[in-house]
Amino acid sequence: MKRYFTNRLLLFVPTLMGSLTLVFFLIHFIPGDPVEVMLGETASSVDKEALRQELGLNQPLGIQYIRFFSALLQGDLGRSLYEQGTVAELILSRFPATMELTLAAMGIALFVAFPLGILAAVKKNSLMDRIALLFSLLGLAMPNFWLGPLLMIIFSIELGWLPVSGREGLAHLILPSFTLGMLMASILIRMVRSSLLDTIHEDYIQTARAKGLSEWRVWLKHALGNSLLSVITIVGLQFGALLAGSIITETIFAWPGIGRLTIQAIQTRDYPLVQGCVLVISTSYLVVNFLTDILYHLADPRVSYGP
Amino acid sequence: MILLLLLGVALLGPAIAPYSPTEQHLEQDLLSPSQDHLLGTDKLGRDILSRILYGARISVLVGTSTVGVSLLIGLSIGSLSGYCGGWVDQLLMRLVDVLMAFPGILLAIAFTAVLGPGLNHVILALCLIGWTGYARLVRGEILALREREFIHAARALGGSPGRIIVLHLLPNLLPPLLIQATFGMAAAIIAEGSLSFLGLGVQPPTPSWGSMLNEGRQFLLIAPHLTTFPGLAIMITVLGLNLVGDGMRDRLEKRGK
Amino acid sequence: MKFKPFFLLVFAWVWVSLAACLPSPRPDRPAGYLVIALESNPTHLDPRYATDANSVRIGGLIFNALTHTDQHARLQPELAERWEAVDERTYLFHLKKGVTFHDGKPLTAADVKFTYESVLEPKNRSPRRATLRLLKAVDAIGPYQVRFRLSAPYAPFLENSTLGIVPTGTPSRGASGENSLIGSGPFSLEQFSPGEKVVLKANPSYWGGQPGLSGLVFKMIPDAIVRSLEFKKGTVDFIQNDIEPDNLIWFKKNTNASILTQQGTIFQYLGMNLDHPILKILEVRQAIAYAIDREAIIRHLLKGLATPATGLLSPSHWAYERSVPRLPYDPEEAKRLLDHAGFPDPDGDGPLPRFKLSYKTTTLDLRRRIAEAFKEQLSRVGIELEVRTYEWGTFYGDIQKGNFHLYSLSWVGITDPDIYFNLFHSSSIVPYGNNRGRYRNPEIDRLLERGRNSLSPEERKQIYRRVQKILAVELPTIPLWWVKNVVLMKRNIEGFVPFPDGDLISLKNVSIASPLPPS
């Protein structure tokens, strides 16, 4: 097992590099010129050329790539082209916000999904089941740019309980994280329910029942354990979706996070900033993946990774 | 049953729609549902009912093609990876990781920027982002199943890897895959809407439910029917898909055990 | 089974990390501060680098300039008490005495010199460097006189006297970010969180009188609905212009905001590629102009928040020419012109078009709706318009490269009429200037050159009137409308006067009467 983990750790870096390389070439191929955006309409073409020269943007792509990577290896993410400050500063100032939002969303999703999923499976076809499924349906079918404002109208304006947007205190976190986490919660509810229902038919469950264990223990201890695998996969999978969803949620709730920063950077063709953002997003994603794999492995030692 | 209704609407849409989905009447904008316009009109005075009916086709198209293609790719790569294991597995999974660690949105922007906007490119972009999920799921399930007794038995009996995958592993994969697929279709329809939010979805005046939802979003406070109806359309479709998924799972389960 | 502990572990991990990242509660709104919602992010408050509208407007509250433009785009004194043209290449400005920066240091000619020189310095990469192209030298003569020497006569140079003045030694391109910017204006910079908010504090020792407010908070809220909800909830007091036209009705019904509208100077136009074989033909362009029903679009899509335009300069501008040929909505005339230009309609009123053109626009919803309206209106005269929406970067890149048939954009911040040179002179054809449509007219070229060299305002007025008349006939671009300024604010806010170009300087005179309960 140790060998497996060291293997995975070693692969971490090349994967990251692969991702960054892909981004690098992709963003340079998209039409659009950062210098045009930076200098606006008043600057002369001479100035624009000079700026391109200075930023090294008129050099062949291969050379730019090498420069970028060598700087990266020295820990230098470069300066943002459009915003002020270094890429590292900008990202550091926004990253905690996104992490907060994502973790809160995941927390809410787990918190809501497990009880609902379990109840739904245990009391299959009852009212509880139907309510859970309805809830899950809402979460799946409502995109967060619709759900968000609706929640705002209900909870913030009509009921007046919560603030509308921005990031200024714990109360501000509730609506955005709920909006973001709704999708994951819906998927989890169904997954938990379906997984439980699947495993309940397994032989060893019958054995457990035969052994005289109470129905609840049967469900929770045995069935749930085996559903955990699928659940973990889903959580890992959906983390990427959370990060992607954060872009929209952050825009709607005026949450100062990386998602919005990335979109802005793409729109202004701020190459260093895009690279930096992707680096951070990819790293988070890969870390979560890694942890998911570990949990997966620990939860079910039967899974092996060799031929 | 719902799905049948959906298909019916998608096919018959143009025939039963009372108005053209693109005919504009600027003066009749944002009307609430009335006798003339059962579901009201949108900002440009277009009949919403007609747009929803036409939109059914688009959404069905987006959903099925995205999921279909993604599933195929994901299935192939995932089973290959899960079954063979070893370096094949590692390589493919790293590829999946690289792609997944990558903000899909960037890919979508790159696509529409380079290829130009439009429905086909949206589907293409969604597929390219989407297959990875299926691949991981398939791989995961295969890894779990691979060590089960009945697989050992099949191998002992001398079955070739291909046979084993198709005959024994696939049927067990179907339940989670189908469930994921039904989610996937719903997700694709919504993803198209999210892309519209960022301005990258279908081009005007094409009515897709996702883009209608997004367009109507701005009028949420004054004309909520612009979002309610496409939203309901999506919800009903998702419900239908899920019911189908559940039903299939139940039946498959009975057969397999 | 071992699952339970791990299950709990996962949970614990999530919540612990959450707890570790909790934001410290910050006050939503300091007392006596006015909260303003903005749609987009100001990127640079330093006037030497500010290019986008919000940066310029907020910068105008932190910094002073030698002059500022009034409602008619004429220059009025600010830091400069008076100025004169010593000869046709030299200007002398006399500064007010007793002006201090926010840190107490006096503002003198040396600071003015520093500001302009740092813009001129190529290493500082200021986007405004090109506008100071003809400035040869800046001299400080004593503490209160500044002399500008140009290398050639250039009437539009005076427009540059609206550049905000920074203290000597202010670092260029924010080495430490712009949190420590110091100006001399009615408000000082308290906090700048890019992408989130800008907080300004009132300057009690402002030479123009202490502001009535304690401070200003500019909050970045990208979504229009959310801005409306924040206003209703009372957490936002003031919104200018970033309002969806239709939501205005909602504001009237659901909040007790006071709403001010005023003729604006933001000019929306339809740009055309004059190298395109069809668009080259004048009659085609005129036909397009007749085919567009501006009034309908303004009435329905913009909810009356614009005025049909006749040209680049709005009626409040000192060089505005009123009597230019207008182009009312006349689809029959459009059809006649197209027939006459050699593009008959192949099947009368049937679906076949005379020809196809593509129209590029951004992905902003309002722009798309307008695009769809154009498409519909042009199809009625037999022109098929293919609408293509692009995200901003791609769109702008294409436009600047001249890669388009038709597009629509707006001009903001028009002061000196010399902007015509940048837009329509043949030497300004992209990529050298902003003549994106590739318009070439020797008479216009001559007129615009004279316009920049003449120093007599009266003579310039005549020149630019002639220019406007010609352009209204030639239609290298089709004027659409001037966007009105709309201001939404709580009823207890007094003293705000909207400016045609959306300038916020009047905030220095604003005060809040007794607080109202949330609307």
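Q: In this structure, what is going on with the overall build of chain B? I would like to understand it.
A: Along its length, chain B carries 9 helices and 0 strands. Evaluated residue by residue, chain B yields a buried proportion of 61% over its 257 residues. For chain B, the exposed surface amounts to about 9,800 Å²; the carbon and sulfur share of it is 70%.

Q: Hey, could you run me through the overall build of chain A in this one?
A: The secondary structure content of chain A amounts to 12 helices and 0 strands. Along chain A, from the amino end to the carboxyl end, the secondary structure elements read α-α-α-α-α-α-α-α-α-α-α-α. Counting across all 307 residues of chain A, residues that qualify as buried make up 63%. Counted over contacts in chain A with a minimum sequence separation of 6, partners at least 24 positions apart contribute 72%.

Q: Please clarify how the packing of helix H2 (residues 48–84) of chain B against helix H3 (residues 86–100) of chain B should be interpreted in this entry.
A: Each packed pair of helices is defined by two parameters, the angle between the axes and the distance between the axes. Residues and elements named next belong to chain B. Look at H2 against H3: their axes get within 7 Å of each other, and the N-to-C directions meet at 140°. Comparing their axes, H3 and H2 come out oblique. For the crossing formed where H2 meets H3, the hand is left-handed. Packed against H2, whose contacting residues are Ile77, Leu80, Ser81 and Cys84, the element H3 presents Gly86, Val88, Asp89, Leu92 and Met93 at the interface. Grouping the amino acids of the contact of H2 with H3 by side-chain chemistry returns 6 nonpolar, 2 polar and 1 charged.

Q: What should I look at first to understand helix H10 (residues 392–401) of chain C in this one?
A: An α-helical turn contains 3.6 residues, so a residue and the one three or four places further along point in the same direction. Residues and elements named next belong to chain C. Burial of H10 is extensive: 8 of the 10 residues sit out of reach of the surface. Inspection of H10 places Gly393, Thr394, Phe395, Tyr396, Gly397, Asp398, Ile399 and Gln400 among the buried residues, and these make up the whole buried set. Positive backbone phi, approximately 80°, marks glycine 402, located one or two places after H10.

Q: What should I look at first to understand helix H9 (residues 365–379) of chain C in this one?
A: Residues and elements named next belong to chain C. Taking 1.5 Å of rise per residue, the 15 residues of H9 would be expected to cover 21 Å, and the 21 Å separating its terminal C-alpha atoms lies within 8% of that figure. Where burial is concerned, most of H9 is hidden: 12 out of the 15 residues are buried. When H9 is considered as a whole, its buried residues turn out to be Asp365, Leu366, Arg368, Arg369, Ile370, Ala371, Glu372, Ala373, Phe374, Glu376, Gln377 and Leu378.

Q: How should I be thinking about the side chain of A:Ser177 in this particular structure?
A: The topology assignment puts A:Ser177 in helix H8 (residues 170–199). If sequence neighbours within four positions are ignored, A:Ser177 has contacts with A:Leu101, A:Ala104, A:Ala105 and A:Ile108.

Q: So what exactly am I meant to see when it comes to the sheet that holds strand S6 (residues 135–141) of chain C here?
A: Backbone-to-backbone hydrogen bonds pair the strands of a sheet. The strands run either parallel or antiparallel. Residues and elements named next belong to chain C. The strand order across the open sheet built from 4 strands is S4-S5-S7-S6, with neighbouring strands paired in antiparallel fashion. Looking at the sheet topology across the chains shown, the edges are occupied by strand S4 (80–87) and S6. When strand polarity is set aside, the average angle formed by the axes of neighbouring strands in this sheet is 20°. With 6 bridges connecting them, S4 and strand S5 (residues 90–95) associate as antiparallel partners. Each bridged residue has a counterpart across the sheet, and for alanine 85 the counterpart in S5 is tyrosine 91. Most of the contacts of helix H3 (residues 109–120) go to S6, to which it runs at about 160°, and overall it touches S5, S6 and strand S7 (145–150).

Q: Got a minute to help me understand the environment of C:Thr265 in this structure?
A: Residues and elements named next belong to chain C. The topology assignment puts threonine 265 in strand S12 (residues 257–272). Among the residues examined, threonine 265 registers a relative accessible area of 11% and is labelled buried. Spatially, the C-alpha atom of threonine 265 lies 23 Å from that of phenylalanine 374, the residues being 109 residues apart in sequence.

Q: Just checking my understanding: could you explain the pairing of strand S1 (residues 33–38) of chain C for this structure?
A: Every regular strand shows the same layout, with side chains that alternate between the two sheet faces. Residue and element names in this part refer to chain C. Counting buried positions along S1 gives 6 out of 6 residues, so the element sits mostly inside the fold. Side-chain alternation along S1 places Tyr33, Val35 and Ala37 on one buried face and Leu34, Ile36 and Leu38 on a second face that is also buried. Pairing between S1 and strand S10 (residues 215–220): 6 bridges, direction parallel. What sits directly across from leucine 34, in S10, is leucine 216. With 2 bridges joining them, S1 and strand S11 (residues 238–240) adopt parallel strand pairing. Counterpart to isoleucine 36 in the pairing with S11 is phenylalanine 238.

Q: Help me out: how do you make sense of the confidence of the model for chain A in this one?
A: Detail in the predicted coordinates should be disregarded across regions flagged by low pLDDT. With 86% of its residues at a pLDDT of at least 70, chain A reaches an overall mean of 78. When pLDDT is averaged over each helix and strand of chain A, the minimum, 64, is found for helix H9 (residues 203–210) of chain A and the maximum, 87, for helix H7 (residues 144–158) of chain A.

Q: Even after reading the chapter, I still don't get the pattern of salt bridges, so can you show me in this structure?
A: Side chains that differ in charge, positive against negative, can pair when their charged atoms come close. Residues and elements named next belong to chain C. With the rule as written, the count across this model stands at 27 salt bridges over all chains. A salt bridge links arginine 452 to aspartate 418; its shortest N-O distance comes to 3.1 Å. Taken together, the residues arginine 452 in helix H12 (residues 442–453) and aspartate 418 in the loop between strand S16 (406–411) and helix H11 (419–424) connect sequence positions 34 residues apart. A single salt-bridge network, built from bridges that share partners, covers Asp139, Arg147 and Arg149.

Q: I'm lost on the pairing of strand S8 (residues 187–193) of chain C in this one. Help?
A: Residue and element names in this part refer to chain C. The buried fraction of S8 is high, at 5 of 7 residues. When S8 meets strand S9 (residues 197–202), the two strands line up antiparallel, connected through 6 bridges. Directly across from serine 193, in S9, lies its bridge partner lysine 197. Linkage of S8 to S9, two consecutive antiparallel strands, is achieved through a turn of 3 residues, within which glycine 195 is found at a positive phi near 85°.

Q: Even after reading the chapter, I still don't get the side chain of C:Thr115, so can you show me in this structure?
A: Counting through the fold element by element, C:Thr115 comes out in helix H3. C:Thr115 has contacts with C:Arg48, C:Leu163, C:Gly164, C:Ile165 and C:Val166, leaving out every residue within four places of it along the chain.

Q: How do you make sense of the packing of aromatic side chains when you look at a structure like this?
A: The geometry of two aromatic rings is summed up by the distance between their centres and the angle between their planes. Residue and element names in this part refer to chain C. Applying the stated criterion across every chain, the model contains 24 aromatic pairs over all chains. Plain terms: the ring middles of phenylalanine 238 and phenylalanine 496 are 4.9 Å apart, the flat faces sit at 80° to each other, and that makes the pair edge-to-face. With phenylalanine 238 in strand S11 and phenylalanine 496 in the loop between strand S18 (493–494) and strand S19 (511–512), the pair connects residues that are 258 residues apart, well separated along the chain. Since its relative accessible area comes to 0%, phenylalanine 238 is described here as buried. An aromatic cluster is built from Trp83, Tyr91, Phe93, Tyr116, Phe148 and Phe157, whose rings are joined through pairwise contacts. Over the face of the ring belonging to tyrosine 144 we find lysine 97, whose NZ or CZ atom lies 5.0 Å from the ring centre. The aromatic ring of phenylalanine 421 is capped on one face by arginine 452, whose charged end is 3.6 Å from the ring centroid.

Q: Sorry, what's going on with unusual backbone geometry here?
A: Most peptide bonds take the trans form, and the phi angle of most residues other than glycine is negative. Residues and elements named next belong to chain C. Although it is not a glycine, asparagine 241 sits at a positive phi angle of roughly 70°. Its place among the elements puts asparagine 241 in the loop between S11 and helix H5 (247–254). On the basis of relative accessibility, which here comes to 24%, the residue asparagine 241 falls in the partly exposed class. The backbone phi angle of lysine 303 is positive, close to 50°, even though this residue is not glycine.

Q: What is the right way to read the environment of B:Ile123 from this model?
A: All names here are of chain B. Summarising the element assignment, isoleucine 123 is placed in helix H5 (residues 119–146). With 79 residues separating them in the primary sequence, isoleucine 123 and valine 202 have C-alpha atoms 9.8 Å apart. Excluding residues within four positions of it along the chain, isoleucine 123 makes contact with Leu61, Val62, Ser65 and Thr66.

Q: When you look at the confidence of the model for chain B in this model, what are you seeing that I'm missing?
A: Confidence in the prediction for chain B averages 72 pLDDT; 66% of positions are at 70 or higher. Scoring of the predicted complex yields 0.84 for pTM and 0.81 for ipTM.

Q: Teacher, can you tell me more about a nonpolar patch on the surface here?
A: Residues and elements named next belong to chain A. Taken together, the side chains of Ile154, Leu159 and Trp161 define a hydrophobic patch exposed on the protein surface, amounting to about 340 Å² of accessible area. Residue position: tryptophan 161 is located in the loop between H7 and H8. We classify tryptophan 161 as exposed; its relative accessible area is 61%.

Q: Sorry if this is basic, but what is going on with the environment of C:Ala291 here?
A: Residue and element names in this part refer to chain C. The topology assignment puts alanine 291 in helix H6 (residues 282–291). Looking at alanine 291, the relative accessible area reads 1%, which means it is buried. As for alanine 291 and valine 381, which are separated by 90 residues in sequence, their C-alpha atoms are 6.8 Å apart. If we ignore the near neighbours within four places in the chain, the residues touching alanine 291 are Tyr329, Ala334, Gln377, Leu378 and Val381.

The rules we used
Starting from 1, residues in each chain are numbered consecutively following that chain's sequence as written. Chain labels run from A onward and ligand labels from 1 onward, assigned in the order the entries are written. Reporting of local features is limited, given that this is a predicted model, to residues whose pLDDT is at least 70; pairs of side-chain atoms are given and counted only at 80 or more, and all residues count toward the totals for whole chains, interfaces and linings. Computation of side-chain values covers all heavy atoms of the structure but excludes hydrogens and water. Segments assigned H or I by DSSP are reported as helices when at least four residues long, segments assigned E as strands when at least two residues long, and all are numbered from the N terminus. For every residue, the accessible area (1.4 Å probe, protein chains only) is compared with the maximum for its type, and the residue is labelled buried under 20%, exposed over 50%, or partly exposed between those bounds. The accessible surface values rely on the Shrake-Rupley method and a 1.4 Å probe; as for residues, cover is taken only from the protein chains in view. A contact between two residues is defined here by any heavy atoms of the two lying within 4.5 Å. Axis geometry follows a simple rule: fit a line to the C-alpha atoms, using only the stretch in contact for helices, then measure angles between N-to-C directions, giving values from 0 to 180 degrees. Here the angle decides the label: under 35 degrees means roughly parallel, over 145 means roughly antiparallel, 65 to 115 means roughly perpendicular, and every other value means oblique. The sense of a crossing depends on the near helix, which, turned anticlockwise from the far helix by less than a right angle, makes the crossing left-handed and, turned clockwise, makes it right-handed. Here the term charged refers only to Asp, Glu, Lys and Arg, the term nonpolar to Ala, Val, Leu, Ile, Met, Phe, Trp, Tyr, Cys and Pro, and the term polar to all other amino acids, Gly among them. Here the expected length of a helix is defined as 1.5 Å per residue gap, with one fewer gap than residues. Think of it this way: DSSP has to see at least two bridges between two strands before they count as a pair. Known as pLDDT, the predictor's per-residue confidence is scaled from 0 to 100. Any carboxyl oxygen of Asp or Glu that lies within 4 Å of a side-chain nitrogen of Lys or Arg is treated as forming a salt bridge with it. For Phe, Tyr and Trp, rings pair up if their centres lie within 6.5 Å, where Trp contributes its six-membered ring, and each pair is then called stacked (planes under 30 degrees apart), edge-to-face (over 60) or tilted (otherwise). Working rule: Lys NZ or Arg CZ, within 6 Å of ring centre, within 35 degrees of ring normal, means a charge sits over the ring. Two joining distances apply to patches: 9 Å for like charges and 5 Å for nonpolar side chains (Val, Leu, Ile, Met, Phe, Trp, Tyr), and every residue must have over 30% relative accessible area and no salt bridge.

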